[in-house]
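So the chains spell out like this:
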Amino acid sequence: MVTKKILIKIPTGLEARPVALLVQVASQYESNIYVECDEKKVNAKSIMGMMSLGLAAGEEVIVSADGPDEEVAMENIEKYLSSK
């Protein structure tokens, strides 16, 4: 299992479109991927779960991935969340 703190740099934060793209990125991997913010932990492959976090630009989240492709999954999710 790999866990990492990631700062969200997407200018609009995670509203509908960026959340849908994040779910697409996460769904490419076999690993279980979770995003955690303020005591709330949701499955990164769930659009409704991710929308419920209501994340804004500049917020920090903890992302964890557990599975056979966890390293690659973490790398690509971090790349996506850190893009401007």
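What counts as what
- Residues numbered from 1 in each chain as written.
- Predicted model: local features only at pLDDT ≥ 70, side-chain atom pairs only at ≥ 80, totals over all residues.
- Heavy atoms only, no water.
- Phe/Tyr/Trp six-rings, centres within 6.5 Å; stacked < 30°, edge-to-face > 60°.
- Lys NZ or Arg CZ within 6 Å of the ring centre and 35° of its normal.
- Patch = residues over 30% accessible without salt bridge, like charges linked within 9 Å, V, L, I, M, F, W, Y side chains within 5 Å.
- Areas by Shrake-Rupley, 256 points an atom, 1.4 Å probe, with all protein chains shown as cover.
- Salt bridge = Lys/Arg side-chain N within 4 Å of Asp/Glu carboxyl O.
- Helix = DSSP H or I, 4+ residues; strand = E, 2+ residues; numbered from the N terminus.
- UniProt positions renumbered as here; feature names shortened; annotations may be inferred.
- Pairing = 2+ DSSP bridges.
- Axes fitted to C-alpha atoms, helices over the stretch in contact; angles between N-to-C directions.
- Contact = heavy atoms within 4.5 Å.

## A look at the packing of aromatic side chains
Inference 1: One pass over the full model with this rule turns up zero aromatic pairs.
Inference 2: When the ring centre of Tyr34 is taken as origin, the NZ or CZ atom of Lys41, which lies over that ring, is 5.3 Å away.

## Some words on a nonpolar patch on the surface
Inference 1: A cluster of nonpolar side chains, contributed by Ile47, Met48 and Met51, occupies part of the molecular surface with about 310 Å² of accessible area.
Inference 2: Locating Met51 in the fold gives a position in helix α2 (residues 47–53).

## A closer look at the UniProt feature "domain: HPr" (unreviewed entry) in the protein
Inference 1: Per the UniProt entry, the sites bearing "domain: HPr" (unreviewed entry) are residues 1–84 in this numbering.
Inference 2: The distance separating the terminal C-alpha atoms of residues 1–84 is 27 Å; by composition the span is 37% helix and 27% strand.

## What about the sheet that holds strand β2 (residues 32–37)?
Inference 1: With antiparallel pairing, the four strands of this open sheet are ordered in space as β1-β4-β2-β3. Bordering the open sheet on either side are β1 (2–7) and β3 (40–43), each of which pairs with just one other strand. The average undirected angle you get between the axes of adjacent strands in this sheet is 25°.
Inference 2: In this sheet, β3 lies alongside β2 in antiparallel orientation, the contact comprising four bridges. Residue pairing for β3: Tyr34 is matched across the bridge by Asn43.
Inference 3: Most of the contacts of helix α3 (residues 70–81) go to β1, to which it runs at about 5°, and overall it touches β1, β2 and β4 (60–66).

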